[in-house]
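# Descriptive structure summary
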Amino acid sequence: MPTYRIDIAYDGSGFRGYARNAGVRSVQETLEDFLSRMAGEPVDTVVAGRTDAGVHARQNVVSFSTGATLDPERLRRAITSTLGPEIVVRSASVVPDDFHARFSAGARAYRYFVDDSGTPDPLRRGSVWAVRWPLDVERMDAAAAAFVGDHDFASLCRRQEGRSTERTVLAATWERAEDGVAVYRVAATAFCHQMVRSMVALSVDVGRGAVEADDVPAILAARDRNAARGAAPPHGLVLWRVTY
């Protein structure tokens, strides 16, 4: 059976995350139902990043196999015209049989957007976290530097039984965009549950002066979820890129 890869983007506002979950609307269920109709048989997908409820994606990668013969370009157009603009396909292709959207991925990159202007843009309220505190982005960038490398991120992850919280972060920076929004850029080989949103929450606490940047290494070393400050809202987070 041929293996297909589709690179998708989606607005996560109307979904309870990517993964199929009984009784709630998910990206996976919506996509698989459409693919199954096109293929004329049940289609199960594998995804690079299982984003949480309300999290968006600029590029997530899905792979699947089916006995049906599908034209990739027709597949791209059909999904985009039917499920868009909520879910769109940026590209579609036939790939080698050993390609696996999750396990073949080398890194995932996320971005998070924070507006501390005091007059947030209402047209971006579904994709930018508006905070009431003025933030020192240089302090936040210094805090983020402590995330880079191999660490146990138990202090910043929602624990899942039997799963390791050790991760390798490749890059983590904060900067001001031209429009004044504070942007967090982070890349890792993989992330654990709520890790990026917890990084953001801790960084914001540093930026508003509630935590010192020098305290972040000790917070990580504690390996205790209670040592950190919870998680930022999901709507400011975007899965930006998956690399192979």
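As a starting point, this report considers the structure included with it.

Thresholds applied
- Each chain carries its own residue numbering, running from 1 in the direction its sequence is written.
- With the structure being a predicted model, the display of local features is reserved for residues of pLDDT at least 70 and the display and counting of side-chain atom pairs for 80 or more, all residues being used for whole-chain, interface and lining totals.
- Think of the side-chain values as coming from all heavy atoms in the structure, minus any hydrogens and water.
- Note on terminology: disulfide denotes any pair of cysteine sulfur atoms within 2.5 Å.
- Each helix is a run of H or I in the DSSP string that is no shorter than four residues. Each strand is a run of E no shorter than two, and both are numbered from the N terminus.
- Partly exposed describes any residue whose relative accessible area lies between the buried limit of under 20% and the exposed limit of over 50%, with all areas from a 1.4 Å probe on protein chains only and scaled to the type maximum.
- Salt bridge criterion: a side-chain nitrogen from Lys or Arg within 4 Å of a carboxyl oxygen from Asp or Glu.
- Angles run from 0 to 180 degrees between N-to-C directions of axes, and those axes are lines fitted to C-alpha atoms, restricted for helices to the stretch in contact.
- Here roughly perpendicular refers to angles of 65 to 115 degrees, roughly parallel to angles under 35, roughly antiparallel to angles over 145, and oblique to all remaining angles.
- Two helices crossing with the near one rotated counterclockwise from the far one by less than a right angle form a left-handed crossing, whereas a clockwise rotation gives a right-handed crossing.
- By definition in these notes, contact holds between two residues if any of their heavy atoms fall within 4.5 Å.
- Polarity classes work like this: nonpolar for Ala, Val, Leu, Ile, Met, Phe, Trp, Tyr, Cys and Pro, charged for Asp, Glu, Lys and Arg, and polar for all others, with Gly in that last group.
- A helix is expected to reach a length of 1.5 Å times the quantity of its residues less one.
- Polar contact is the term for a pair of N or O atoms within 3.5 Å; when the atoms are in protein, one must be able to donate a hydrogen and the other to accept it, and sequence-neighboring residues count only if both atoms are side-chain atoms.
- Throughout, nonpolar core names a set of buried Ala, Val, Leu, Ile, Met, Phe, Trp, Tyr and Cys residues whose side chains join them through atoms within 4.5 Å.

### Describing the state of the cysteines
If you walk through the whole model with that rule in mind, you get one disulfide. Shown here is the disulfide that connects C157 with C192, its sulfur atoms set 1.6 Å apart. Within this pair, whereas C157 is found in the loop between β7 (149-152) and β8 (166-176), its partner C192 is found in the loop between β9 (182-188) and α4 (195-207), the two being separated by 35 residues in sequence. When sorted by exposure, C157 lands in the same class as C192, which is buried.

### A short note on the pattern of salt bridges
One pass over the structure, following the stated rule, counts 13 salt bridges. When the shortest N-O distance is used, the salt bridge between D179 and R124 registers 2.7 Å. Here D179, found in the loop between β8 and β9, pairs with R124, found in the loop between β5 (107-115) and β6 (129-130); they are 55 residues apart in sequence, far enough to count as distant. The exposure class of D179 is exposed, given its relative accessible area of 51%. Look at R124 and you get partly exposed, because its relative accessible area is 27%.

### Structural notes on the packing of helix α3 (residues 137-145) against α4
The interhelical angle for the contact between α3 and α4, taken along N-to-C directions, is 135 degrees, at an axis separation of 8 Å. Looking at the two axes, α3 sits oblique to α4. In this structure, α3 crosses over α4, and the sense of that crossing is right-handed. Contact residues: α3 offers R139, M140 and A143, while α4 offers S203, V204, V206 and G207. In terms of residue class, the contact of α3 with α4 is built from four nonpolar, two polar and one charged.

### Some points on helix α1 (residues 27-39)
With 13 residues, α1 ought to run about 18 Å at 1.5 Å a step, and its terminal C-alpha atoms sit 18 Å apart, in line with that. Listing the buried residues of α1 in full gives V27, Q28, T30, L31, E32, F34, L35, S36 and A39. Residues of α1 that are buried sit in contact with β1 (3-10), β3 (56-65), α2 (72-83) and β4 (87-95). G40 occupies a position one or two residues after α1 and carries a positive phi of about 75 degrees.

### A closer look at the side chain of T165
Tracing the backbone through its elements, the reader meets T165 in the loop between β7 and β8. Since its relative accessible area comes to 7%, T165 is described here as buried. Among the polar contacts listed, one links the side chain of T165 to the side chain of D152, at a separation of 2.5 Å.

### Section: the environment of S13
Its location among the elements puts S13 in the loop between β1 and α1. Distance in space between the C-alpha atoms of S13 and D44 is 23 Å, their sequence separation being 31 residues. Not counting residues up to four positions away in its chain, the partners in contact with S13 are H56 and G126. A polar contact of 2.7 Å, which involves the side chain of S13, links it to the side chain of D11.

### Things to note about the environment of S104
Structurally, S104 can be placed in the loop between β4 and β5. Put simply, S104 and A48 are 56 residues apart on the chain and 8.6 Å apart in space, counted from C-alpha to C-alpha. Leave out the neighbours within four places in its chain, and S104 touches D98, F99 and Y244.

### Some points on the nonpolar core
Within the largest apolar cluster, 73 residues are counted, with the highest numbers of intra-cluster contacts made by I6, F147 and Y184. If one sorts the elements of this core by residue count, α4 sits on top with seven residues. Residues F113, V128, V183 and V238 belong to the second largest nonpolar core, which totals six residues.

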